[in-house]
Amino acid sequence: MPSVNLHRVSRHFAEVKAVDNIDLAVEHGEFVTLLGPSGCGKTTTLRMVAGLERNDTGSIVIGDRLVSDAAAGLFVPPDQRNLGMVFQSYAIWPHMTVFDNVAYPLSVRRVPKGEIAERVTKALTLVEMERYADRPAPALSGGQQQRVAIARALIFEPEVLLLDEPLSNLDARLRAQMGEEFRALQRRLKITTIYVTHDQEEAMALSDRVVVMQRGLVLQSGAPEAVYRRPASAEVAAFFGTPNLIEATVRGSRPNGEGHVLSIEAALGTGECRAAGTFRAGDKVLVMVRPEDVALGQADTKAGDGQFAWPGRVIDGVFRGPRRTLTVETARERFRVECPASRAMPVGESVTLLIDADNAWALPVSPPS
Ligand SMILES: Nc1ncnc2c1ncn2[C@@H]1O[C@H](COP(=O)(O)OP(=O)(O)O)[C@@H](O)[C@H]1O
Ligand SMILES: [Mg+2]
């Protein structure tokens, strides 16, 4: 399976920089997800890879083949790029059976009947829909229709699969189930996949790598755990859930593994956190702490080595089934804390917020925009 490489690719629509000079490298057999809010340029990026949209600048290489180069005026049309595509609307034809829907791209190319039957059966088997071949397409559930769309995308045995929010029309349960099926199928076929979603949990659950986009730019690209736990900026951090961000000043820094350990001073006290780069004493940082990484001790618990231990009071608790979300007020800021739902935590209780250095991550203070 080939890799996909975008080099300095842009696409503007009048004043709108839909995609703004991005680089993107997808490895052989990798499952990469473009993640970002509506309008950040995900679909436009995917459509440029597909050849449904021309890039204004830069070049796109699939495998060892240059398929688009704006400067050289080179452009390979979509049907010669050997890609499979599935979009948000399944676009299956209601007046046809499942078999005919999947066979369609082959029949319009006048492939012999015997070969069509063989290939359609193979594609339907891949998505476990071979039993439904004779059903009229509208008699299927949303999830089944989406599987038919995937079978059709696989009919030419594409080297790259492009998926644009393929689960967003399904209900939450089916979305989770189909997501797992995608992942299993992609693993089995080892097909290079670019997946688009605005759903962070879906992105993290499915992908080898997540590319976080905003305003036509790539903000960060990395393994799901890296972008979640070690974001490059407050903007990326805030894209995943509701992190606590604490203003602090750096007092010292020492190298540790691939990064650094900072000793910092915040309004509520001192402690240690981790950082990707170097900071100097006196630098301002924002320290990110995920709500599920705040431990709650009894009032007057003392800090362990490098730990933050800040006194607070529970002012709100929301039961969410698997967990409980608490709001804890301190002398300076409010913290969001997630704890197991089984843990009773009455409103009004005095607690100590305990944060380990491993769970505190320094971010640069972003310049005013
Ligand atoms: N054909 C088009 N004509 C004009 N503007 C467009 C067109 N396609 C996309 N855009 C604009 O480009 C930006 C990025 O759109 P899109 O790639 O669809 O974002 P996403 O898929 O992340 O929601 C948006 O501001 C959108 O309105
Ligand atoms: Mg889109």
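Our structure is the block above this text.
All figures in this text were calculated on a predicted structure; none of them were measured in a lab. (Residues numbered from 1 in each chain as written. Chains lettered and ligands numbered in written order. Predicted model: local features only at pLDDT ≥ 70, side-chain atom pairs only at ≥ 80, totals over all residues. Heavy atoms only, no water.)

Peer 1: What is the right way to look at helix α1 (residues 42–50) in this model?
Peer 2: Owing to its 3.6 residues per turn, the α-helix aligns residues three or four sequence positions apart on the same side. Most of α1 sits inside the fold, with seven of its nine residues counted as buried. Every buried residue belonging to α1 is among Lys42, Thr44, Thr45, Leu46, Met48, Val49 and Ala50, and all of these are buried. One or two positions beyond α1, positive phi appears at Gly51, with a value near 90 degrees. (Buried < 20%, exposed > 50% of the residue type's maximum accessible area, 1.4 Å probe, protein only. Helix = DSSP H or I, 4+ residues; strand = E, 2+ residues; numbered from the N terminus.)

Peer 1: In this structure, what is going on with the packing of helix α2 (residues 98–107) against helix α4 (residues 142–154)? I would like to understand it.
Peer 2: The axes of two packed helices give the description: the angle between them and the distance between them. Following both chains from N to C, one finds α2 and α4 inclined at 30 degrees, their axes separated by 8 Å at the closest point. Classed by the angle they form, the pair α2 and α4 counts as roughly parallel. The element α2 and its partner α4 pack so that their crossing is right-handed. Listed contacts from α4 to Val98, Asn101, Val102 and Pro105 of α2 are Val148, Ala151 and Arg152. Grouping the amino acids of the contact of α2 with α4 by side-chain chemistry returns five nonpolar, one polar and one charged. (Axes fitted to C-alpha atoms, helices over the stretch in contact; angles between N-to-C directions. Parallel < 35°, antiparallel > 145°, perpendicular 65-115°, else oblique. Left-handed = near helix turned anticlockwise from the far one by under 90°. Contact = heavy atoms within 4.5 Å. Nonpolar A, V, L, I, M, F, W, Y, C, P; charged D, E, K, R; others polar.)

Peer 1: Sorry, what's going on with the pattern of salt bridges here?
Peer 2: It is possible for side chains bearing opposite charge to pair when their charged atoms get close. All told, the structure shown has 17 salt bridges when counted by the stated rule. For Asp293, the salt bridge goes to Arg229, with nearest N and O atoms at 3.4 Å. Here Asp293 is found in the loop between β15 (284–289) and β16 (295–298), whereas its partner Arg229 is found in helix α7 (residues 224–229), with 64 residues between them in sequence. Judged by its relative accessible area of 24%, Arg229 is partly exposed. A salt bridge links Arg274 to Asp358, with the shortest nitrogen-to-oxygen separation between them at 2.4 Å. (Salt bridge = Lys/Arg side-chain N within 4 Å of Asp/Glu carboxyl O.)

Peer 1: Would you explain the packing of aromatic side chains in this entry?
Peer 2: Aromatic rings in a pair are described by how distant their centres are and how their planes are angled relative to each other. According to the stated counting rule, one finds seven aromatic pairs in the structure shown. Centroid distance Phe308 to Trp310: 4.8 Å. Interplanar angle 55 degrees. Geometry classified as tilted. In terms of burial, Phe308 and Trp310 fall into one category: buried. Taking 5.9 Å as the distance between ring centres and 55 degrees as the angle between the ring planes, the aromatic pair formed by Trp310 and Phe335 counts as tilted. Highlighted residues: Trp310 in strand β17 (residues 308–319) and Phe335 in strand β19 (residues 334–340), separated in sequence by 25 residues. For the pair formed by Trp310 and Phe335, the shared burial category is buried. What links up through ring pairs into an aromatic cluster is the set Phe31, Phe182 and Tyr195. Just above the ring of Phe75 sits the side chain of Arg81; from NZ or CZ to the centre is 5.0 Å. Against the face of Tyr228 rests Arg290, its NZ or CZ located 4.1 Å from the ring centre. (Phe/Tyr/Trp six-rings, centres within 6.5 Å; stacked < 30°, edge-to-face > 60°. Lys NZ or Arg CZ within 6 Å of the ring centre and 35° of its normal.)

Peer 1: Which parts of the structure should I look at to understand the sheet that holds strand β18 (residues 323–329)?
Peer 2: The strands making up a sheet associate through hydrogen bonds between their backbones, and the pairing can be parallel or antiparallel. Spatial strand order, β16-β20-β17-β18-β19: five strands in an open sheet with antiparallel pairing. The open sheet is flanked by β16 and β19, the only strands paired with a single partner. Each adjacent strand pair in this sheet contributes to an overall mean axis angle of 50 degrees, direction not counted. (Pairing = 2+ DSSP bridges.)

Peer 1: Quick question: what am I supposed to make of the layout of surface pockets here?
Peer 2: Empty space among the atoms becomes visible once a probe the size of a water molecule is rolled across them. In this structure, the largest pocket encloses a volume near 610 Å³. Around the largest pocket sit 21 residues that line it, and Leu83, Met85, Pro105, Arg152 and Phe156 are the ones nearest its centre. Within the residue set of the lining of the largest pocket, elements represented by two or more residues are β7 (83–86), α2 and α4. With four residues, the single largest contributor to the lining of the largest pocket is β7. Partitioned by chemical class, the residues of the lining of the largest pocket number 15 nonpolar, three polar and three charged. If you trace the second largest pocket, you find 13 residues lining it, with Gln200, Glu201, Tyr228, Gly241 and Arg323 closest to the centre. When residues of the lining of the second largest pocket are traced back to their parent elements, those giving at least two are α6 (200–206) and β19. Per element, the largest residue contribution to the lining of the second largest pocket is three residues, and it comes from α6. Taken together, the residues of the lining of the second largest pocket break down into four nonpolar, three polar and six charged. (1 Å grid on protein atoms, 1.4 Å probe; cavity = no way out; pocket = protein on both sides within 12 Å on 5 of 7 lines; lining within 4 Å. Points joined across faces, edges and corners; volume = space filled by probe spheres on them.)

Peer 1: Would you take a moment to explain the packing of α4 against helix α5 (residues 172–189) for this structure?
Peer 2: Two elements in contact, α4 and α5, have axes whose closest approach is 11 Å; the angle formed by their N-to-C orientations is 20 degrees. By the angle between their axes, α4 is roughly parallel relative to α5. In terms of crossing hand, the pair formed by α4 and α5 is right-handed. In this structure, α4 contributes Gly142, Gly143, Gln146, Arg147, Ile150 and Leu154 to the contact, and α5 contributes Leu174, Gln177, Met178, Glu181, Phe182, Leu185 and Leu189.

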